[in-house]
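A closer look at the structure
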Amino acid sequence: MENKKTQVKILVCCGIKGHITSFIDYIEALFTKKGMFDYVFCIGDFFGDDESCEKEWEEFKKSGKNISVPIYTLGPNKKQHEKYFKNLKDQQLAPNIYYLGKDGIFTTSDGLKIGYISGIQNNSSKENEIHTFNYDSLSQFRDSCIRAGSTSLDILLTSPWPLDIRNKERIHENINVKEPTEKDSESQLLSWVAINLTPRYHFAGLQRVFYQRSPYKNSNSKTITRFIGLGDYQDNKTKKQKWLYGFVLSLAEPTTSNTLNYTVTESPFADNISQYIANMLPVSNQYFYNTSTNCNYRNNEQTKKRRFDGQPIKQSIDISTDSCWFCLSSKKITKHLIISIGNQIYISGTKGPLVNEHILVASIEHYKSLAEVPPETENEINLIKSSLNQYFESTGRVAVYFERNILSAHFQLQVVPVPIKMADRLEDMFKAKFKEYDLNLIDIPPAASLRQIAGSSEGHYFCTELPNGKRLFHSASKKNGRQQKFPLNIAREVLASPRLLNVESRIDWRKCEQSLDEEENDVKLFRDAFEPFNPIKD
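Everything numeric here is computed off the predicted structure, so don't read it as measured data. (Residues numbered from 1 in each chain as written. Predicted model: local features only at pLDDT ≥ 70, side-chain atom pairs only at ≥ 80, totals over all residues. Heavy atoms only, no water.)

**Digging into the nonpolar core**
- Formed by 31 residues in total, the largest nonpolar core has its most connected members in Ile 347, Leu 388, Val 415, Leu 450, Tyr 461, Phe 473 and Phe 526.
- Per element, the largest residue contribution to this core is five residues, and it comes from helix 7 (residues 375–394).
- Setting aside residues no more than four positions away along its own chain, Val 415 makes contact with Glu 357, His 358, Ile 359, Val 361, Leu 388, Phe 392, Ala 399, Val 400 and Tyr 401.
- Judged by nonpolar contacts, the second largest core, of 30 residues, contains Leu 354, Val 398, Ala 491 and Leu 495. (Core = buried A, V, L, I, M, F, W, Y, C linked by side-chain atoms within 4.5 Å. Buried < 20%, exposed > 50% of the residue type's maximum accessible area, 1.4 Å probe, protein only. Helix = DSSP H or I, 4+ residues; strand = E, 2+ residues; numbered from the N terminus. Contact = heavy atoms within 4.5 Å.)

And the structure:
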């Protein structure tokens, strides 16, 4: 019986700048001397700027030169290099040299998850090109990682360095690493990505200097991250900068601070991660469409519709923070249900939970909905969701999130765990239930802004996010001049049904309230169980 592989040999190279022939000769000689590597990755500028480099590339492609190990490279960092990455067949630049893509996850046959982001940060209002990324594209990348369960990558490959990576350095000789000479060599958005995806290794290469940072802790994960900035291939001849890095990566559990020495530092990034995207949020280039009509279902009077005593939607519910059940400053808040308090949000147990560990996430400040919260609050919510996903997955469950901004005065995101084997049923069951009530329920495109879509529904809506990352949205705006009725427990109806949690007796939360002792015990049990995953450090 073949033994399962437990280690992988990886070589990461940077900045060959079109010197393809000498590069291949060098690594082939390295393979002969050190043995073969399993994977070779190139970051930084793979192609050069002058005509001689272009001529060398064309001659190399015709040469039929043998490459022992497939080489995977990031995309261009300059517009003039985009031509090399267009009209490729099977992502192949040359025999055994492949373009990874604009961004994504490369999952190896060994199970390694390698995230990659090509290009430099787009600091303009113009749309992305092949050689740039912006908040929209990286937000979609982050969300796709979460949907794939890759909230902690083994390796992250980028060309620019993440902004602030030098902060809190503890190794003396690293403290004087030179500042960036070009604005494109660092990216604040890559800091945001590194915070969210907590890679074990992060390689970058546009700084043109070798820098192996002290390993650092992540506030939202036990994973320890090692950042390595690689030098420039051309500069290697004169400045002796290390431009490649070979290492053996264990497929076992990620390294934690308990297994490393004193050089491990705290995270170099700011505690308020919203500052890395504050001036990067999209303005008006997202999806626009009308959510006020039921385009998914037939509006046929002869179609069978369920009758229900739904609630008429009031224009709004305005109450003071003193009277709000969910404002932390309010005397009415149920303090014994609070699990953890962050900078912008808090986690709480719920009254009348559907199942064990049914919790909610609410804003500390008085906002009516997720569509109204500021970016820093939304970022902390996403951070909590990522950690909750990891926790529930470790217990064989997945989280369903839903918000009902209908007859609600304060933002609250309900979180209900369901067995992972039932996750595929959720979308069809939500859509069937809404159709049963003759209510619209549409898919939100991955890059669409909830703030924009909710604005078209006069601010009243229902939204659920499923374990696969898909968001379903109901607009509670007026229909044919009349205010629609809405069944307030519709999400609980879906989740409590026999095909899912099979707790129909608990659809109405008022019929399944717990005693004070039961509530306090449930809060303590969840707080203790979630503590290793909780990014909030009380």
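**Focus on the packing of helix 7 against helix 11 (residues 516–530)**
- At a minimum axis separation of 11 Å, helix 7 and helix 11 run at an interaxial angle of 95°. Relative to helix 11, helix 7 is oriented roughly perpendicular. Where helix 7 approaches helix 11, its residues Ser 387, Leu 388, Tyr 391 and Phe 392 are matched on the opposing element by Phe 526, Ala 529 and Phe 530.
- For the contact of helix 7 with helix 11, the residue count by class is six nonpolar, one polar and no charged. (Axes fitted to C-alpha atoms, helices over the stretch in contact; angles between N-to-C directions. Parallel < 35°, antiparallel > 145°, perpendicular 65-115°, else oblique. Nonpolar A, V, L, I, M, F, W, Y, C, P; charged D, E, K, R; others polar.)

**Describing the sheet that holds strand 3 (residues 71–73)**
- Ordered in space as 4-5-3-2-1-17, the six strands form an open sheet in which the pairing is mixed. Because the sheet does not close on itself, it has two edges, and the strands there are strand 4 (92–94) and strand 17 (244–250). The average undirected angle you get between the axes of adjacent strands in this sheet is 30°.
- With two bridges joining them, strand 4 and strand 5 (residues 97–99) adopt antiparallel strand pairing. (Pairing = 2+ DSSP bridges.)

**Here we look at the environment of Tyr 99**
- Mapped onto the elements of the fold, Tyr 99 is located in strand 5.
- For the pair formed by Tyr 99 and Ile 71, sequence separation is 28 residues and the distance between their alpha carbons is 8.6 Å.
- Not counting residues within four places of it along the chain, the set of residues in contact with Tyr 99 comprises Thr 73, Leu 74, Gly 75, Phe 85, Leu 88, Gln 91, Leu 93, Ser 118 and Ile 130.

**Considering empty space enclosed by the protein**
- Enumeration over the complete set of coordinates arrives at three cavities of 30 Å³ or more.
- A volume near 120 Å³ is recorded for the largest cavity.
- Forming the walls of the largest cavity are 15 residues, and the residues nearest its centre are Gly 349, Thr 350, His 358, Asp 522 and Val 523.
- Looking at the lining of the largest cavity, the element that brings in the most residues is helix 11, giving four residues. (1 Å grid on protein atoms, 1.4 Å probe; cavity = no way out; pocket = protein on both sides within 12 Å on 5 of 7 lines; lining within 4 Å. Points joined across faces, edges and corners; volume = space filled by probe spheres on them.)

**Looking at helix 1 (residues 20–34)**
- The first and last C-alpha atoms of helix 1 sit 21 Å apart over 15 residues, in line with the 21 Å expected at 1.5 Å per residue.
- Within the sequence span of helix 1, burial applies to Ile 20, Phe 23, Ile 24, Ile 27, Glu 28, Leu 30 and Phe 31. Take helix 1 and look down its axis: the buried residues cluster within an arc of 155°, on one side only. Residues of helix 1 that are exposed and point more than 90 degrees away from the buried face comprise Thr 32 and Lys 33.
- Packed against the buried residues of helix 1 are strand 1 (7–14), strand 2 (39–43), helix 2 (51–63), strand 3, strand 5 and strand 17. (Expected span 1.5 Å × (residues − 1). Arc of directions from axis to C-beta.)

**Things to note about the packing of helix 1 against helix 2**
- Orientation of helix 1 relative to helix 2, taken along the N-to-C sense of each, is 55°, at an axis distance of 9 Å. Comparing their axes, helix 2 and helix 1 come out oblique. The segment helix 1 lies against helix 2, with Ile 20, Thr 21, Ser 22 and Ile 24 engaging Glu 56, Trp 57 and Phe 60.
- Per-class residue counts for the contact of helix 1 with helix 2 are four nonpolar, two polar and one charged.

**Considerations on the packing of aromatic side chains**
- Across all of its chains, the model carries 39 aromatic pairs by this definition.
- Seen in terms of ring centroids, Phe 46 and Phe 47 are 5.1 Å apart; in terms of plane orientation they differ by 80°. Their pairing is edge-to-face.
- A relative accessible area of 5% means that Phe 46 is categorised as buried.
- An angle of 90° between the planes, with centres 5.6 Å apart, marks the rings of Tyr 391 and Phe 526 as edge-to-face. Residue Tyr 391 is located in helix 7, and its partner Phe 526 is located in helix 11; the two are separated by 135 residues in the primary sequence. (Phe/Tyr/Trp six-rings, centres within 6.5 Å; stacked < 30°, edge-to-face > 60°.)

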